[in-house]
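Breakdown of the fold
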Amino acid sequence: MGNRTAFAVALAAGFIGGIASQRSARAQSPTPQEQSKAAVIQKAQPAEPIPIPTAQEQGKILDDVRQYVANYDNNLPNFTCVEVEQRMVASRKGGRSGSEPSYRLQDTVTSKVTYFQHKEEKTPILNGGRPVTGSYESLGGAMLRGDFETTLLQLFDAETQVRFQWARWATLRGRRTMVFSYQVPESRSRYKIGVSDPKIERITAYSGEVYVDAEPAHAVTRLKTKAEEIPEGFPIRNALTTLDYAYTDVGGQQFLLPLKEEVELDLGKSLAKNYNSFLQYRKHEAPLLVPKRSARYRVTLGSYAHRGPVEDQAHASDSRLRFLQFGDVDREHTPAGAIQPARQSL
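Quick notes on the rules
- Each chain carries its own residue numbering, running from 1 in the direction its sequence is written.
- Local features in this predicted model are restricted to residues whose pLDDT is 70 or higher, and side-chain atom pairs enter the listing and the counts only when it is 80 or higher, whereas totals over whole chains, interfaces and linings include all residues.
- The side-chain quantities take in all heavy atoms of the structure and omit both hydrogens and water.
- Counted as salt bridges are all cases of a side-chain nitrogen of Lys or Arg within 4 Å of a carboxyl oxygen of Asp or Glu.
- Secondary structure elements are defined from DSSP: runs of H or I of at least 4 residues count as helices, runs of E of at least 2 residues count as strands, and each element is numbered from the N terminus.
- Remark: exposure states derive from per-residue accessible area (1.4 Å probe, protein chains only) relative to the maximum for the residue type, with buried under 20%, exposed over 50%, and partly exposed in between.
- For two strands to pair, DSSP has to find at least two bridges joining them.
- Expected helix span is computed as 1.5 Å times (number of residues minus one).
- To get the bend at a given residue, fit one axis to the seven residues ending there, fit another to the seven starting there, and take the angle between those axes.
- For this analysis, a polar contact is any N or O atom pair within 3.5 Å, provided that within protein one partner can donate a hydrogen and the other can accept it, and provided that sequence-adjacent residues contribute only side-chain to side-chain pairs.
- Here, two residues are considered to be in contact whenever any of their heavy atoms come within 4.5 Å of each other.
- Nonpolar cores were defined as sets of buried Ala, Val, Leu, Ile, Met, Phe, Trp, Tyr and Cys residues, with membership established by side-chain atoms within 4.5 Å.
- Only centres within 6.5 Å qualify two rings of Phe, Tyr or Trp (six-membered ring in Trp) as a pair; their planes then separate them into stacked at under 30 degrees, edge-to-face at over 60, and tilted for everything else.
- Confidence per residue, as judged by the predictor, is encoded in pLDDT with a range of 0 to 100.

For the rest of this paragraph, the subject is the pattern of salt bridges. Scanning all chains against the criterion turns up 13 salt bridges. Of the charged contacts in the structure, one is a salt bridge between R222 and D244, with a shortest N-O distance of 2.9 Å. One end of the pair, R222, is in strand β10 (residues 220–228); the other, D244, is in strand β11 (residues 238–250), and 22 residues separate them in sequence. In this structure, E228 engages K226 in a salt bridge whose closest nitrogen and oxygen atoms are separated by 3.8 Å. On the basis of relative accessibility, which here comes to 26%, the residue E228 falls in the partly exposed class. When its relative accessible area of 30% is taken as the criterion, K226 is described as partly exposed.

Here it is in structure tokens:
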């Protein structure tokens, strides 16, 4: 009897131990759900950081960019395109503290841009759905004066003596991109901001970032510019510009040309923002199709989409022309940073 009891006790102990072992094994082996979660976590692990180019490599890259910019004009064909400029305004009043400004569409200006024999001409055609008979400047409001290449040429001009610094790696439109920051002092700047009524203009220092494609020949694909050291009391308190370049087909060949542009101005009591898009690139001799009043077209930039045509809306109470301009400055007769009349509209 004692042996039977001992045997039963041993059997029970073995059975219980087996169950415990199985439970322990199940506890140690992950379930399919746990395996799936682990796989997701493993996939989500960040990739190895891309090495930052050495100082010597950065110098070589910037030399390539300078060469690219110097030859940019020579490589461009004669072309025409349509520029659609959506001009928006916002008031500082009525918004909650820290909230985004509530912009409203002021008007949409459609212009024909012609680039012929290294010179650019911009002719407004429609304002909303109405034909324009005057010049671009006669439209008033916030605008940018300059051309496709002036900004880049002056930024990389040896006389400007810009100091570039490595900022970071980035991905722009699916391509690996190098970002360099830069600063230009007022004494070497040709960056001009101003208003037309009364006519007040100012040369300011500026800073920003230049986006460079990682592949040769290190083309510039985005340029950011910010006005610096604006004097207190000047009508424009802040000015930001972002210009994007992208490869575009012109006559069956690919050229790096402006894709879109965003201009932001702080005017004290109000804010202004322009979204510009460049469409329908053609060789200069090819016919250009400009949207008519009855046409339907769509322009999408960032989070703002506009379907045209659009009727003119009431202009802001202050319709003075505000502009940003890159142009030549006669510093022998004009002290650095002095208020001066415009000498050149590019």
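What follows deals with the pairing of strand β1 (residues 79–91). Across the 13 residues that make up β1, a large majority, twelve, are buried. Judged from the twelve bridges that link them, β1 and strand β13 (residues 270–283) form a sheet pairing that is antiparallel. Of the residues in β13, the one forming a bridge with Q86 is Y275. Pairing of β1 with strand β2 (residues 104–116) involves eleven bridges; the strand directions are antiparallel. Residue pairing across strands places M88 opposite L105, the latter belonging to β2.

Between its first and last C-alpha atoms helix α3 (residues 55–75) spans 29 Å; for 21 residues at 1.5 Å apiece the expected length is 30 Å, and the two agree. At V69, α3 shows its maximal kink, close to 25°. When α3 is considered as a whole, its buried residues turn out to be Q58, I61, L62, D64, V65, Y68, V69, Y72 and D73.

With that out of the way, let us pick up the side chain of E209. Within the fold, E209 resides in strand β9 (residues 199–213). Here R168 takes part through its side chain, which lies 2.8 Å from a polar atom of the side chain of E209. Once you skip the residues sitting within four places of it in the chain, E209 turns out to touch A167, R168, V179, F180, S181, Y182, R222, L223 and K224.

Moving on, we get to the nonpolar core. Counting residues in each nonpolar core, the largest one holds 47 residues, and the members touching the most others are L155, F164 and F180. Once you skip the residues sitting within four places of it in the chain, F180 turns out to touch Q58, I61, L62, F164, Q165, W166, A167, G208, E209, V210 and V212.

Inspection of the entire model under this criterion finds ten aromatic pairs. Ring geometry for W166 versus F180: centroids 5.4 Å apart, planes at 90°, classification edge-to-face. On the criterion of sequence distance, the pair formed by W166 in strand β6 (residues 163–172) and F180 in strand β7 (residues 175–184) is long-range, its members being 14 residues apart. On the basis of relative accessible area, W166 is assigned to the buried category, the value being 17%. Classification of F180 as buried rests on a relative accessible area of 0%.

Once that is clear, we can look at the confidence of the model for the chain. Confidence along the chain averages 75 in pLDDT terms, with 64% of residues attaining 70 or more. Across residues 1–16 the pLDDT falls below 50, and counting only partners more than four positions away or on other chains, this stretch makes zero contacts in the model. Below pLDDT 50 for its whole length, residues 293–320 participates in 65 contacts with residues either more than four positions away or in separate chains.

With that settled, the discussion passes to the environment of P51. Of note, P51 is situated in the loop between α2 (32–43) and α3. A sequence separation of 118 residues divides P51 from W169, and the C-alpha atoms of the two residues are 9.3 Å apart.

Burial of strand β8 (residues 191–196) is extensive: five of the six residues sit out of reach of the surface. Pairing between β8 and β9: six bridges, direction antiparallel. The partner of K192 across the bridge, within β9, is I203.

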